[in-house]
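A look at the structure
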Protein chains: 2
Amino acid sequence: MKIRDIGEQGLLQRLQRFCPAEIVGDDAAVLRLQPGCELVVTTDMLVDGVHFSDRTTSPQDVGWRAAAANLSDLAAMGASPLGITVGLGVTGDTDVSWVEQVYQGMSECLGQYNTPIVGGDVVRSPVVTLSITAFGEAIPSRIIRRNAAQPGYAIVVTGVHGSSRAGLELLLHPELEQNLQQSDKKALIKAHQRPKPRLDVLPILWEIIDNYQLPITNYQLPIAGMDSSDGLADAIVQICRASGVGAVVERNHIPIADSLLNFVSSEPALNWALYGGEDFELVLCLPSEVAGKIVEKLGNQSAIAGQIIAEKTVKLVDNNKETDKILNLNQGFQHF
Amino acid sequence: MKIRDIGEQGLLQRLQRFCPAEIVGDDAAVLRLQPGCELVVTTDMLVDGVHFSDRTTSPQDVGWRAAAANLSDLAAMGASPLGITVGLGVTGDTDVSWVEQVYQGMSECLGQYNTPIVGGDVVRSPVVTLSITAFGEAIPSRIIRRNAAQPGYAIVVTGVHGSSRAGLELLLHPELEQNLQQSDKKALIKAHQRPKPRLDVLPILWEIIDNYQLPITNYQLPIAGMDSSDGLADAIVQICRASGVGAVVERNHIPIADSLLNFVSSEPALNWALYGGEDFELVLCLPSEVAGKIVEKLGNQSAIAGQIIAEKTVKLVDNNKETDKILNLNQGFQHF
């Protein structure tokens, strides 16, 4: 069944099943924030053939990944999700079931974080396009910004990097899996298709901070952070730029999954970890006395991957602290 | 200069001039609501060749109209705007100046309502696409929903209808302007290119309601409303459907601009008023004792265009109260 067979009203009826009935159906959605919280808003656009393709991504995975990317941005700000809106551009020839599966995938991801789809827009477009805006709430003193990194801070990475890029490679070139165990292959592909926004890190972070009674300067939490959606190198460079500092990143402390090292050697694995992107982990810069506690509590291959320094360069160093290379933004994904 | 000449970073730098510096540059934007207010969210997607074209719409007008449509949805909910996010899909071949002019047009519209662009996403797409999400705040007891219309209520229309559709016709067929005065032509085209979201109606509405001490039942304001973005007929039918009621609409009470009647005869003018869409007025259903006061205060060709009835049909009647036709959604704009 094609969209032109059921028209806009028919499609909207089917999609409203994925939304809370009490919210949808007016000019706009209404959401309540907790008292004292501020609104946190982020938006992402995904275009068929640019950000996803049938070759590597099922419609459910398109939906899951789109929702996860936006929730990850909220996590990176220290915010709890309240809801998302979905702008969907589809051709008249798009299968209705394709659209429903995208919403199914979004709902599966959102459901893990009790986040509803609160509205949206469905329009005709020559190319399938998905535009998601996510809203969250955060306590003002706990908003995590990029510009708060200070020399001496430790750089905490909440999980492994490079797996998502490896999973994409396996989907694009299935012949590469020859020497790979089935479980490793599955783990890498799952990292690409079903990334998890690290909202689970936040309560752990707040608990440790509360216990340590960190000084809060001018209501600015002394933690800098962002997510690693555009690669670990990008995240560290962006934080350093916004904070006017630099960093020393220890290449052997960057967490990389065993499944990835079973697939490729350490050099390409490191390259994917730094520049592959879409791992959706958090990169947090904070006083070293709490960084260790956070890594201890998080487990699961979180790590202290480096330190913030005053000199405004981002260096990758080996075990002997020799500078291996200077990280910059140019090797990341360029959109044009 | 094309977008591929300056790349994503170059484009983002140029677009950030349109955004408040203190908000932009993190994973998400942070906004503060007034205490006791709820968050109101709406989203719209516009696609080149579907919702706008170079033939009828300059880039500034594309931006203005996109911003106005979203602010109109907030007005229709009784909400004051806080900010918008902009998702922009562009080809590498899109002129940088085209994009800047779109943002210029958005900023001009938003500036009239002190509303900032707080974030967004710029991506590559084979078709130019604009996805806007607007956030507002509203006092819970003053949120205007579609489902609160009750038999006996008057239907207030805040301004003239059909002009936007007439302006589009003049842009598509410039040869039609032969017998039209320059001032009429300009007025109709402006109605299409620079519609005004009726946020100005809200303070007037609240003042009159406060003075009349309307009963608030279960915190539900006894006012139903929406905007007429999809046509006046669509707005009335949608409100009636959501409220489980019907309406009698008096064809001779529907406000139509003189400039429109100088352009076409009353029958096509009425048709455009009912089904043309994009006039972005508000359609408010409320107790008749206050409806008159609102129209008096609003002036500018606002009018009471009909009454809500218990019978679930929407009838268009002439001066003799003879039913002229039954309004329904089918004649409106179908997106697929």
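Preceding block: the structure.
Residues numbered from 1 in each chain as written. Chains lettered and ligands numbered in written order. Predicted model: local features only at pLDDT ≥ 70, side-chain atom pairs only at ≥ 80, totals over all residues.

With 54 residues of chain A at the contact, the number on the chain B side is 54 residues. Sorting the residues of the side of chain A that touches chain B by element identifies α1 (3–16), β1 (29–31), β2 (38–47), α2 (59–77), β3 (80–90), β4 (117–124), β5 (129–138) and β7 (224–227) of chain A as the ones contributing at least two each. Looking at the side of chain A that touches chain B residue by residue, the classes come out as 25 nonpolar, 16 polar and 13 charged. Sheet topology places β2 of chain A next to strand β1 (residues 29–31) of chain B; 3 bridges connect them, and they run antiparallel. Bridge pairing in β1 of chain B links Leu-39 of chain A to Leu-31 of chain B. (Contact = placed C-beta atoms within 7 Å. Helix = DSSP H or I, 4+ residues; strand = E, 2+ residues; numbered from the N terminus. Nonpolar A, V, L, I, M, F, W, Y, C, P; charged D, E, K, R; others polar. Pairing = 2+ DSSP bridges.)

Now for helix α2 (residues 59–77) of chain B. Owing to its 3.6 residues per turn, the α-helix aligns residues three or four sequence positions apart on the same side. Residues and elements named next belong to chain B. Look at α2: 28 Å from first C-alpha to last across 19 residues, which is about the 27 Å you get at 1.5 Å a residue. For α2, the tally of buried residues reaches 19 of 19 residues, placing the bulk of the element in the interior. Remark: Gly-78 follows α2 within two positions and exhibits a positive phi of approximately 85°. (Expected span 1.5 Å × (residues − 1). Buried ≥ 20, exposed ≤ 12 C-beta atoms within 10 Å, placed from the backbone.)

What follows deals with the packing of α2 of chain A against helix α3 (residues 96–111) of chain A. All names here are of chain A. Across the interface, α2 lies against α3 with an axial gap of 6 Å and an inter-helix angle of 40°. Looking at the two axes, α2 sits oblique to α3. The two elements α2 and α3 meet at a crossing, and its hand is right-handed. Between α2, through Pro-59, Gln-60, Asp-61, Val-62, Gly-63, Trp-64, Ala-66, Ala-67 and Ala-68, and α3, the contact on the second element is made entirely by Trp-98, Gln-101, Val-102, Tyr-103, Gln-104, Gly-105, Met-106, Glu-108, Cys-109 and Leu-110. Of the residues that constitute the contact of α2 with α3, the class distribution is 12 nonpolar, 5 polar and 2 charged. (Axes fitted to C-alpha atoms, helices over the stretch in contact; angles between N-to-C directions. Parallel < 35°, antiparallel > 145°, perpendicular 65-115°, else oblique. Left-handed = near helix turned anticlockwise from the far one by under 90°.)

Residues and elements named next belong to chain A. One ladder, built from 4 bridges, connects strand β8 (residues 246–250) with strand β10 (residues 303–309); its direction is antiparallel. Bridge pairing in β10 links Val-249 to Gly-306. The pairing of β8 with strand β11 (residues 314–317) spans 4 bridges and is classified as parallel. Bridge pairing in β11 links Val-248 to Lys-315.

When chain A is fitted to chain B, the residual RMSD is 0.0 Å, and the transformation amounts to a turn of 180° plus an axial shift of 0.0 Å. The relationship between the two copies is best expressed as a two-fold rotation axis. (Least-squares fit on C-alpha atoms with pLDDT ≥ 70 in both.)

Now for the nonpolar core. Ranked by size, the top nonpolar core spans 218 residues in total, and within it Ile-155 and Ile-236 of chain A together with Ile-155 and Ile-236 of chain B carry the most contacts. Those residues in contact with Ile-155 of chain A that lie beyond four places of it in its chain are Ile-236, Ala-247, Val-249, Val-283, Cys-285, Ile-304, Ala-305, Gly-306, Gln-307 and Ile-308 of chain A. (Core = buried A, V, L, I, M, F, W, Y, C linked by C-beta atoms within 7 Å.)

Another aspect to go through is the environment of Glu-311 of chain B. Turning to its location among the elements, Glu-311 of chain B is positioned in the loop between β10 (303–309) and β11 (314–317). By C-beta crowding, Glu-311 of chain B is classed as exposed, having 11 other C-beta atoms within 10 Å.

Attention now goes to the sheet that holds β4 of chain A. With respect to topology, 5 strands assemble into an open sheet ordered β4(A)-β3(A)-β5(A)-β2(A)-β1(B), the strand pairing being mixed. The open sheet has two edge strands with one neighbour each: β4 of chain A together with β1 of chain B. The sheet shows a mean angle of 20° between the axes of neighbouring strands, direction not considered. Sheet analysis places β3 of chain A next to β5 of chain A, joined by 9 bridges and oriented antiparallel. Its bridge partner being in β5 of chain A, Ile-84 of chain A is matched across the sheet by Ala-134 of chain A. Across the sheet, α2 of chain A touches β2, β3 and β5 of chain A, and the angle it forms with β5 of chain A is around 30°.

The subject of this paragraph is the sheet that holds β1 of chain A. Sheet architecture is open: 5 strands sit in the order β1(A)-β2(B)-β5(B)-β3(B)-β4(B), paired in mixed fashion. Strands with a single pairing partner mark the edges of an open sheet, and in this sheet they are β1 of chain A together with β4 (117–124) of chain B. Here the strands of the sheet are splayed against their neighbours by 20° on average, with no regard to which way each runs. With 7 bridges connecting them, strand β3 (residues 80–90) of chain B and β4 of chain B associate as parallel partners. Across the sheet, residue Thr-85 of chain B finds its bridge partner in β4 of chain B, namely Gly-119 of chain B.

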